[in-house]
Amino acid sequence: MQPTTFDLFADNEPVQQPRAEQIGEQSWVLRGFALPQVEQLLTELEAILAAAPLRHMVTPGGFSMSVGTSSCGQLGWITDRSGYRYSSVDPLSGLAWPSMPAVFADLAHEAAERAGFPGFQADSCLINQYVPGAKMSLHQDKDEKGYAAPIVSLSLGLPAMFLFGGFERSDKSQRIPLLHGDMVVWGGVDRLRYHGVLPIKPGHHPLLGERRINITFRVAGDQ
Ligand code: SIN
Ligand code: FE2
């Protein structure tokens, strides 16, 4: 007699919705939400980074950021000695940022909708690359023109420990592990929460190697 096997992909299996974890009144982690699109996302990402390479930007205080940064979409977040701001041109090339691929815009739109923010249309997409040891100190995303739209974040590659805090830098933070394909959406009453990333631990990811890529989608210009 043949051993019994379970057909995991039987036609009558209910389609599994990716798991959503609530981390604030209007904040969600969407586990594995981007996994079905990862291949397309990585192909587009490679083209973007060929046109607008990652660079280590300098903060107004004169420190070089540990993450390598680039952008796509109408507006890209930049920092230099004169401050933090959004720019419609890449200061490295003097050209417009690469346009936002439809697979990026659609994924961000769907994630926002799943988290209770329908109609999200990002005009800015910030790409941060973390190699082991790179981190992001606690900060608020507040350089956008308005805060009506949520922040939508996509994590790829090595895992990270995301810190999701309160409205003061000194407030206690939740520690949330973020894995390849996870998305986080925070908006509404949670839009200005402090957040950051602990130093990335050494490791190797089968698709991305020794790095983590985080992409945040925002509405930075007119809402
Ligand atoms: C950010 O706050 O821009 C990055 C968050 C992350 O890397 O998960
Ligand atoms: Fe941020």
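Residues numbered from 1 in each chain as written. Chains lettered and ligands numbered in written order. Predicted model: local features only at pLDDT ≥ 70, side-chain atom pairs only at ≥ 80, totals over all residues. Heavy atoms only, no water.

## Side note on the overall build of the protein
To be explicit about the condition: Helix numbering and strand numbering both begin at the N terminus, where a helix is a DSSP run of H or I of at least 4 residues and a strand a DSSP run of E of at least 2. Each radius of gyration reported is based on C-alpha atoms, and the globular scaling rule is 2.2 Å times the count of residues to the power 0.38. Relative accessibility under 20% of the residue-type maximum defines a buried residue, over 50% an exposed one, and the middle range a partly exposed one, all with a 1.4 Å probe and only protein chains included. The criterion used for residue contact is that any of the two residues' heavy atoms lie within 4.5 Å. Accessible surface area values rest on a Shrake-Rupley calculation with a 1.4 Å probe, where residue burial reflects the displayed protein chains alone. Charge convention: Lys and Arg are scored as positive, Asp and Glu as negative, and His as well as the terminal groups of each chain are ignored. Where a charge lies is defined by one atom per residue type, namely NZ (Lys), CZ (Arg), CG (Asp) and CD (Glu).
The helix and strand tally for the protein stands at two helices and 13 strands. For the protein, the C-alpha radius of gyration of 18 Å lies close to 17 Å, the compact-globule estimate for 223 residues. Each principal axis of the C-alpha atoms in the protein carries an extent, and together these give about 75 × 35 × 35 Å. Within the protein, buried positions represent 49% of all 223 residues. Taking contacts inside the protein between residues at least 6 apart in sequence as the whole, the part at least 24 apart equals 73%. Accessible area for the protein stands at about 11,700 Å²; split by element, carbon and sulfur atoms hold 55% of it. For the protein, the distance from the average position of its 18 positive side-chain charges to the average position of its 23 negative side-chain charges is 11 Å.

## Focus: the nonpolar core
The criterion, for reference: Buried Ala, Val, Leu, Ile, Met, Phe, Trp, Tyr and Cys residues form a nonpolar core when they are joined through side-chain atoms within 4.5 Å.
Among the nonpolar cores identified, the biggest contains 33 residues, and Phe104, Val152, Leu154, Met183, Ile215 and Phe217 are the most heavily contacted of them. Elements that contribute at least two residues to this core include exactly α1 (38-51), α2 (102-114), β6 (124-130), β8 (151-157), β11 (183-186) and β13 (212-218). Apart from the residues lying within four places of it in its own chain, the contact partners of Leu154 are Ala34, Leu41, Leu107, Asp182, Met183, Ile213, Asn214, Ile215 and Phe217.

## Here's the deal with the packing of aromatic side chains
We apply this condition: Two rings from Phe, Tyr or Trp (for Trp, the six-membered ring) form a pair when their centres are within 6.5 Å of each other. A pair whose planes differ by under 30 degrees is stacked, one over 60 is edge-to-face, and the rest are tilted.
Taken as a whole, this structure holds five aromatic pairs when the rule is applied. Ring geometry for Phe164 versus Trp186: centroids 6.0 Å apart, planes at 65 degrees, classification edge-to-face. Placement of Phe164 in strand β9 (residues 160-164) and of Trp186 in strand β11 is noted, with a sequence separation of 22 residues between them. We classify Trp186 as buried; its relative accessible area is 1%. By the ring-pair criterion, three or more aromatic residues cluster together here, those being Phe162, Phe164 and Trp186.

## As for the site of ligand 1
The following threshold applies: For this purpose, a residue is taken to be near a molecule or strand whenever a single non-hydrogen atom of the residue falls within 4 Å of it. Whenever two N or O atoms come within 3.5 Å, that pair is a polar contact, provided that in protein one can donate a hydrogen and the other can accept it, and provided that, for residues adjacent in sequence, both atoms are side-chain atoms. Lys, Arg, Asp and Glu make up the charged group, whereas Ala, Val, Leu, Ile, Met, Phe, Trp, Tyr, Cys and Pro make up the nonpolar group; the residues left over, Gly among them, are polar.
Taken together, Asn128, Tyr130, His139, Phe162, His195, Val197, Arg212, Asn214 and Arg218 form the complete shell of residues around ligand 1. The contact in question runs from an oxygen atom of ligand 1 to an N or O atom on the side chain of His139, over 3.0 Å. Interatomic distance of 2.9 Å between a side-chain N/O atom of Arg212 and an oxygen atom of ligand 1. Protein contact buries 99% of the 260 Å² of open area that ligand 1 shows by itself. For the shell around ligand 1, the secondary structure elements donating two or more residues are β6, β12 (195-197) and β13. Per-element tally for the shell around ligand 1: the top contributor is β13, with three residues. Among the residues forming the shell around ligand 1, the class breakdown is three nonpolar, four polar and two charged.

## Considerations on the sheet that holds β6
Stated precisely, the cut-off is as follows: If DSSP finds at least two bridges between two strands, the strands pair. Think of each axis as a best-fit line through the C-alpha atoms, taken over the contacting stretch in the case of a helix, with angles from 0 to 180 degrees between the N-to-C directions.
The sheet built from seven strands is open, its strands ordered β1-β2-β11-β8-β13-β6-β3 with antiparallel pairing. The open sheet is flanked by β1 (20-24) and β3 (68-73), the only strands paired with a single partner. Put simply, the sheet's adjacent strands are angled 20 degrees from each other on average, direction ignored. In terms of strand pairing, β8 meets β13 through six bridges, oriented antiparallel.

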